[in-house]
Each structure stands twice: as C-alpha cells, then as structure tokens.
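# Descriptive analysis of the structure
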Amino acid sequence: MQAGFDLGLEEARFSATIAHDVEAMRACLRDDFTFIHSSGRIDGKQSYLDLLGSGTLRYLEMQWSDMRLLARIGPMAQVFSRLDFTADFGGSDVAVSAYIVSTWIEEDGAWRVLTVQSSGLPQGH
C-alpha cells in the first residue's frame, strides 16, 4: 500500500541541503537521481553528494516559498517551489532565485527524489 506524499519531505530535503547533511541527502535521493541546476550543470547522485560533502558547494542561506504539489499520479509526486539562496561555489559567491520542480517516486513504502529541475529567475524577481 502506498504511503501518502507529504510536502514535509521536500522541506526536509531543503533543510538537509542547507545543513550540508550528506547522509540525509543520500537517504532521500534515488540511485538514478539527476539534478539539473539553474546554471545548466547536471549532476547525478554521487557527483551532487560529492559537491556537498567536499565543501565545493556550500549553501549559506536558503529560503523556500510557494511550495505546492503539482501532481500525484500513483507512485509519483511532483513538487513546485520557489527557492532563493546564496552559496559559495568553488570560492565564488552566488545568489540565485529559481523555480524548482522535484519529482519524487515511492518504492517499497519510501519516497525518494528522482529528479530536480531548477530554472533561474532574472535578478529582482
């Protein structure tokens, strides 16, 4: 029986990201996870965890808003949110405002992230 999807899962993923909690991130990402960043960079699960774990990518501040469930079809849920963050990426400060769509898949009673697509917004939006 499928467990209901809870937006708290997406909030927990954001919280683990800002906390640089690699083990919590590892647990919530599928092995075939893909992250398409607002910059166009594409990471799989291990390369994304390596970015966080090595300190190459350090999120400094993160605010999310307008989070909502876009679709729930069987064992798949898509979540939309706006994300505003500052980060240190390889020694350079970056500030990003983006819309995020995350796709979650339920397997064996657990929800894990399959994909994250980030679309950057122009400055001031």
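Our subject in this report is the structure included herewith.

Conventions we followed
Residues numbered from 1 in each chain as written. Predicted model: local features only at pLDDT ≥ 70, side-chain atom pairs only at ≥ 80, totals over all residues. Heavy atoms only, no water. Pairing = 2+ DSSP bridges. Helix = DSSP H or I, 4+ residues; strand = E, 2+ residues; numbered from the N terminus. Axes fitted to C-alpha atoms, helices over the stretch in contact; angles between N-to-C directions. Contact = heavy atoms within 4.5 Å. Buried < 20%, exposed > 50% of the residue type's maximum accessible area, 1.4 Å probe, protein only. Core = buried A, V, L, I, M, F, W, Y, C linked by side-chain atoms within 4.5 Å.

Strand order in the open sheet formed by 6 strands is β2-β1-β6-β5-β4-β3, and the pairing between neighbours is mixed. This sheet does not close on itself; its edge strands, each paired only once, are β2 (42-44) and β3 (57-73). Put simply, the sheet's adjacent strands are angled 20° from each other on average, direction ignored. Here strand β5 (residues 92-107) pairs with strand β6 (residues 110-120) via 10 bridges, running antiparallel. Residue pairing in the sheet places Ala98 in a bridge with Gly120 of β6. Helix α1 (residues 8-18) rests against β3, β4 (76-89), β5 and β6 of the sheet, and its axis sits at about 165° to β3.

With that settled, consider the side chain of Ser81. Mapping Ser81 onto the fold places it in strand β4. Overall, the relative accessible area of 0% leaves Ser81 in the buried class. In contact with Ser81, other than residues within four places in its own chain, are Glu10, Phe14, Ser65, Asp66, Met67, Ala98, Tyr99 and Ile100.

Counting 29 residues, the largest nonpolar core has Met25, Leu29, Tyr48 and Tyr59 as its most contacted members. Of all the secondary-structure elements, those providing two or more residues to this core are α1, α2 (22-28), β1 (29-36), α3 (45-54), β3, β4, β5 and β6. When residues of this core are assigned to their parent elements, the largest contribution, 5 residues, is made by β4.

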